[in-house]
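# Topology and contacts: notes
Letter by letter, the chains look like this.
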Amino acid sequence: MPASPHAAPPPAPAGPRPIDQVCRLCAAPSPASAAAICEHCLGPLEPAYDPARRLPGRAEIASRPRSLWRYREWLPFAGEPVVSTDSGFTPLVEAPRLARALGVARAWVKNDAVSHPTLSFKDRVVSTALNAAIGLGLTTVGCASTGNLANAVAAQAARAGLQSWIFIPHDLELGKVVGSSVYGPNLVRVQGTYDDVNRLCAQVADRFGWGIVNVNLRGYYGEGSKTMAFEIAEQLGWRLPDAVIAPMAGGSLVTKLHKASKELVAAGLAEGPLPRFYGAQAAGCSPIVDLVESGGDTVTPVVPRTIAKSIAIGNPADGRFAAKAIRESGGWAQAVTEAEVVEGIRLLAETTGIFTETAGGVTVSAARRLAQAGRLKPSDELVLCITGNGLKTLEALTGALPEAPVVAPRLKEVAALVERAA
Amino acid sequence: MPVTVNLPAVLSRLAGGKTAHEASGATLGEVVADLVARFPDLAPRLRDAAGNPYPFVTFYVNDEDARFAGGFGAAVRDGDEVIVVPAIAGG
């Protein structure tokens, strides 16, 4: 009998086996599962890598496909990934005009604004999280998101053939909403802030047993961020920059960049010293900056009030770890005003041709402030982690850019414009 | 009508296998003390050594983060719902 065109699709391929985890606080082991907290102390679980595993050298890595999986020995799996094998390896763009504007010797933009497939660094963490979900036998995934993660989960779940439930604050930018709903997920807009959404998703994960990538798959998800640091080192010719600046929302990215830099040195792929890590937040939501400045070890949560919605997390789960990584590295954290968010977007665009979203504006303006304050040095080689695309947050630039003149299709009208512009 | 306390699954095994519990008290701290009196194994996962909220859980009173309302001093009334959620999530 011929196969029906409506026959059930073939079963999804078995994914790679996620490795076991260990508690970062009490060191209790935890077998591989869709759990991100220690059942003993409720501390965060993280993958327990075999310290004796075989690691590749520079040449072997260079021979592999240009994706984040070329660093797979530092990702939490045994076996090959089966979905999202093409994310990562975004451009590292040298930016001499930006370096001059900031007051540092050299600057590069790690340009995850062109990340594949959804134009933000969240493609990296979703790539690892979905392979974990499939490896654990889950068929439904989800997330609590300020927008970029929603886009990445919706798109990557769609192409992996997984069901998805995606929870976002009700008032996100249009680009973030459409950039999720187009992929056909179960998209839910929650009346409240991201922190309300996040609390709800912790309850959802408990109730329904889905793989919520940044809740119960968090240990596998977060490791994907490390690949940004691996790529930076490789693209610089296997060396580490003096300084790295990244936006902070939950605090995971800075924490993982720091971890990856230590792994690069430990593996002999790059030499020390480790970079100084700098974190950037909007002043309307800066609990991690506050923590770094106060020198304490407990985050005081805030209610976010900023146009930088993608990093508007008032209760950052990794805040204490991000602050620790920043202090350990000799870096610092900086908050910027709402006006500086827009100025940062424009400065990056005008000096590099890269259009970033609000989080990138925060990062660029924070770098400028840090250089003015002497925390970044004139001799520094600085990498700016630009994590998202400006086309997703056009609302932030409403009224900020000059209106383009409208002319009749006559040469003399253009000539008049040119004369005025001279 | 007492207060309802909803525990995450990871803590329910320390509380007779149930996630939903009734408790009483005029403040969040009193509600937690009432619950802990019945389930002593819960104590170190809800309160730290100084008697403050354990840093790896977050308490909500009627969906509001209790840290914005005085922590364990937050007022609760009969019929309120207290939710306990592991702190490490999101981002």
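That block above? That's the structure.
Calculation rules
Residues numbered from 1 in each chain as written. Chains lettered and ligands numbered in written order. Predicted model: local features only at pLDDT ≥ 70, side-chain atom pairs only at ≥ 80, totals over all residues. Contact = placed C-beta atoms within 7 Å. Helix = DSSP H or I, 4+ residues; strand = E, 2+ residues; numbered from the N terminus. Pairing = 2+ DSSP bridges. Buried ≥ 20, exposed ≤ 12 C-beta atoms within 10 Å, placed from the backbone. Core = buried A, V, L, I, M, F, W, Y, C linked by C-beta atoms within 7 Å. Right-handed = clockwise from strand over helix to strand, strands pointing away. Axes fitted to C-alpha atoms, helices over the stretch in contact; angles between N-to-C directions.

Now for the interface of chain A and chain B. Contact with chain A, which involves 28 residues of that partner, is made by 17 residues of chain B. With six residues, the top contributor of residues to the side of chain A that touches chain B is helix 6 (residues 194-208) of chain A.

Our focus in this paragraph is the sheet that holds strand 4 (residues 45-47) of chain A. Two strands in a sheet stick together by hydrogen bonds in their backbones, pointing the same way (parallel) or opposite ways (antiparallel). Residue and element names in this part refer to chain A. With respect to topology, three strands assemble into an open sheet ordered 3-2-4, the strand pairing being antiparallel. Both edges of this open sheet fall to strand 3 (29-30) and strand 4, since each of them pairs with a single strand only. The pairing of strand 2 (residues 21-23) with strand 4 spans three bridges and is classified as antiparallel. For V22, the partnering residue across the bridge sits in strand 4 and is E46.

Residues and elements named next belong to chain A. Position of Q156 relative to the elements: it lies in helix 4 (residues 148-160). The exposure class assigned to Q156 is buried, which follows from the 26 C-beta atoms found within 10 Å. Between the C-alpha atom of Q156 and that of G279, which follows or precedes it by 123 residues, the distance is 28 Å. If we skip the residues at most four places from it in the chain, Q156 touches V83, S84, V126, S127 and L130.

The next point concerns the nonpolar core. The biggest cluster of nonpolar side chains holds 154 residues, and the ones touching the most others in it are A:V153, A:I245 and B:V82. When residues of this core are assigned to their parent elements, the largest contribution, eight residues, is made by helix 4 of chain A. With sequence-adjacent residues up to four places away left out, B:V82 is seen in contact with B:V3, B:T4, B:V5, B:L28, B:V31, B:F59, B:Y60, B:V61 and B:V76.

Turning our eyes to something else, we now look at the pairing of strand 8 (residues 140-144) of chain A. All names here are of chain A. The element strand 8 is largely enclosed, with a buried count of four among its five residues. One ladder, built from five bridges, connects strand 8 with strand 9 (residues 163-169); its direction is parallel. Bridging from a neighbouring strand, T140 pairs with Q163 of strand 9. Of the crossover connections in this fold, the one passing from strand 8 over helix 4 to the parallel strand 9 is right-handed. Bridging between strand 8 and strand 11 (residues 211-212) involves two bridges; their strand directions are parallel.

All names here are of chain A. Strand order in the open sheet formed by six strands is 6-7-15-12-13-14, with mixed pairing between adjacent strands. For this open sheet the edge positions go to strand 6 (92-94) and strand 14 (333-336), each flanked by a neighbour on one side alone. On average, each strand axis in the sheet is tilted by 25° relative to the strand beside it, whichever way the strands run. Strand direction decides the pairing type here: strand 7 (residues 106-111) and strand 15 (residues 381-386), joined by six bridges, are parallel. Paired with R106 across the strands is E381, a residue of strand 15. Strands strand 13 (276-282) and strand 14 of the sheet are contacted by helix 11 (residues 319-329), whose axis makes an angle of about 135° with strand 13. Across the face of the sheet, helix 12 (residues 338-352) comes into contact with strand 6, strand 7, strand 13 and strand 14 while running at roughly 105° to strand 14.

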